[in-house]
Amino acid sequence: MDIIRLKEINSTNDYVKQNIQALPNLTAVYADRQTSGRGRLERKWIDTGDDNLYLTIVLKPFKTINPIYSNFTQYLSVILVMLLEEEYNLSPKIKWPNDVIINGKKVAGILAEGTTKGGEFLGLALGIGVNLNTTKEELSIIDKPATSIFNETCQYINKIEFLEKLLSKFCLLYDKFIVEGFPFIKKYYESRANFINKNITINVLGKLHSGIAEGISDDGSLLLKEDKTTSVYFIGDIL
Ligand code: BT5
């Protein structure tokens, strides 16, 4: 995997989107500082210093739009959970669709953005921000409960080592994932999900829906039992 390091950029996702034609599949772009990191729906990803990870992976395994593109965020959340469990002895959970949570607080956020030109699909920018060494004080400026690996383990995390481990795990299961799609990671994803069989409320573009989360479909969507019917949601936030 080629790795590009940027000292400072507005957003690694924007950098990848702007350069997607020149960047080969599976190039990783990370920045030491990110001045306008973005989340979904115009939300912000807060930069808490250069010893945290701001990374975007270039993905264009298929030349045309393919259902697999909508599941890469869930794939990356599973890869991160595996790494946190195996190497850092943590017990992270996944909050649908792809937040990674430790002890009820968000440690990482993932944002995938497709790029098209004249109707042609050029590729996906798969971005992830991971709080590696953010201190309690820095975490307190984030508007929702947040944590870092350092905050959970009292262990300083070497960013480059962490990046290499994350990317090598990403590549290890990648070939199988792009052939089999979400069903390949479904069992693992569900076993680490913190919402299944619970009463939840989701916000879908400003509209709230409440019910029991019955599970995840083979395409990664959420099955929510509202009264007597089960609805399928492809986007939204669990509140
Ligand atoms: C996300 O959005 O969680 C996706 C974040 C993706 C960030 C990466 S960094 C590299 C790449 N380049 C970018 O520009 N973006 C990607 P969402 O689910 O919408 O959550 C955003 C919310 O997370 C914010 O509204 C805050 O409540 C919270 N948040 C912001 N910064 C945080 C941080 N450092 N740690 C924990 N939570 C944070």
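Residues numbered from 1 in each chain as written. Predicted model: local features only at pLDDT ≥ 70, side-chain atom pairs only at ≥ 80, totals over all residues. Heavy atoms only, no water.

> Where do I start with unusual backbone geometry in this structure?
Most peptide bonds are trans, and most residues other than glycine sit at a negative phi. Along the chain, Trp-96 connects to Pro-97 via a cis peptide bond; the corresponding omega equals 0 degrees. The phi angle at Leu-41 is positive, at roughly 50 degrees, despite the residue not being glycine. One can find Leu-41 in the loop between β2 (28-34) and β3 (53-59). Even without glycine at this site, Cys-154 takes up a positive phi of about 60 degrees. (Helix = DSSP H or I, 4+ residues; strand = E, 2+ residues; numbered from the N terminus.)

> When you look at the site of the ligand in this model, what are you seeing that I'm missing?
If you check the shell around the ligand, you find 27 residues, and the closest are Ser-11, Arg-38, Arg-43, Lys-106 and Asp-143. Within the contact set of the ligand, an oxygen atom lies 2.8 Å away from a side-chain nitrogen or oxygen of Ser-11. Within the side chain of Gln-34, one N or O atom sits 2.9 Å away from a nitrogen atom of the ligand. Bound to the protein, the ligand loses 96% of the 790 Å² it would expose on its own. (Near = heavy atom within 4 Å. Polar contact = N/O pair within 3.5 Å; in protein donor to acceptor, adjacent residues only side chain to side chain. Areas by Shrake-Rupley, 256 points an atom, 1.4 Å probe, with all protein chains shown as cover.)

> Explain a nonpolar patch on the surface here, please?
A cluster of nonpolar residues, Leu-41, Leu-205, Val-232, Phe-234 and Ile-235, forms a patch on the protein surface that exposes about 550 Å² of accessible area. Within the fold, Phe-234 resides in the loop between β11 (229-233) and β12 (237-238). Residue classification places Phe-234 among the exposed positions, given a relative accessible area of 59%. (Patch = residues over 30% accessible without salt bridge, like charges linked within 9 Å, V, L, I, M, F, W, Y side chains within 5 Å. Salt bridge = Lys/Arg side-chain N within 4 Å of Asp/Glu carboxyl O. Buried < 20%, exposed > 50% of the residue type's maximum accessible area, 1.4 Å probe, protein only.)

> I tried to follow the sheet that holds strand β10 (residues 222-226) on my own but got confused; where do I start?
Strand pairing in a sheet takes place through backbone hydrogen bonds and is either antiparallel or parallel in direction. In space, the five strands of this open sheet follow the order β11-β10-β9-β8-β12, with antiparallel pairing throughout. If you trace the sheet from one side to the other, it starts and ends with β11 and β12, each paired once. Note: β10 against β11, five bridges, orientation antiparallel. Bridge pairing links Leu-223 to Val-232 in β11. (Pairing = 2+ DSSP bridges.)

> What should I look at first to understand helix α2 (residues 72-88) in this one?
Since the α-helix packs 3.6 residues into each turn, any two residues three or four apart lie on the same face. Between its first and last C-alpha, α2 extends 23 Å over 17 residues, near the 24 Å set by a 1.5 Å rise per residue. Of all 17 residues in α2, 14 are buried, a share of seventy percent or more. Once α2 finishes, Asn-89 follows within two positions and takes phi at roughly 60 degrees, a positive value. (Expected span 1.5 Å × (residues − 1).)

> Teacher, can you tell me more about the pattern of salt bridges here?
Opposite charge on two side chains allows them to pair when their charged atoms are near. Taken as a whole, this structure holds 15 salt bridges when the rule is applied. Here Lys-17 and Glu-113 are joined by a salt bridge, their closest N and O atoms 3.4 Å apart. In this pair, Lys-17 sits in helix α1 (residues 12-18) while Glu-113 sits in strand β6 (residues 105-117), placing the two residues 96 residues apart along the sequence. Looking at Lys-17, the relative accessible area reads 26%, which means it is partly exposed. A relative accessible area of 14% means that Glu-113 is categorised as buried. Across the pair Asp-47 and Arg-33 runs a salt bridge, and its minimum N-O distance is 3.0 Å. Residue Asp-47 is found in the loop between β2 and β3, and its partner Arg-33 is found in strand β2; the two are separated by 14 residues along the sequence. Taking the relative accessible area as the measure of exposure, Arg-33 reaches 36% and is therefore partly exposed. What emerges from the salt-bridge pattern is a single network uniting Asp-14, Lys-17, Arg-38 and Glu-113.

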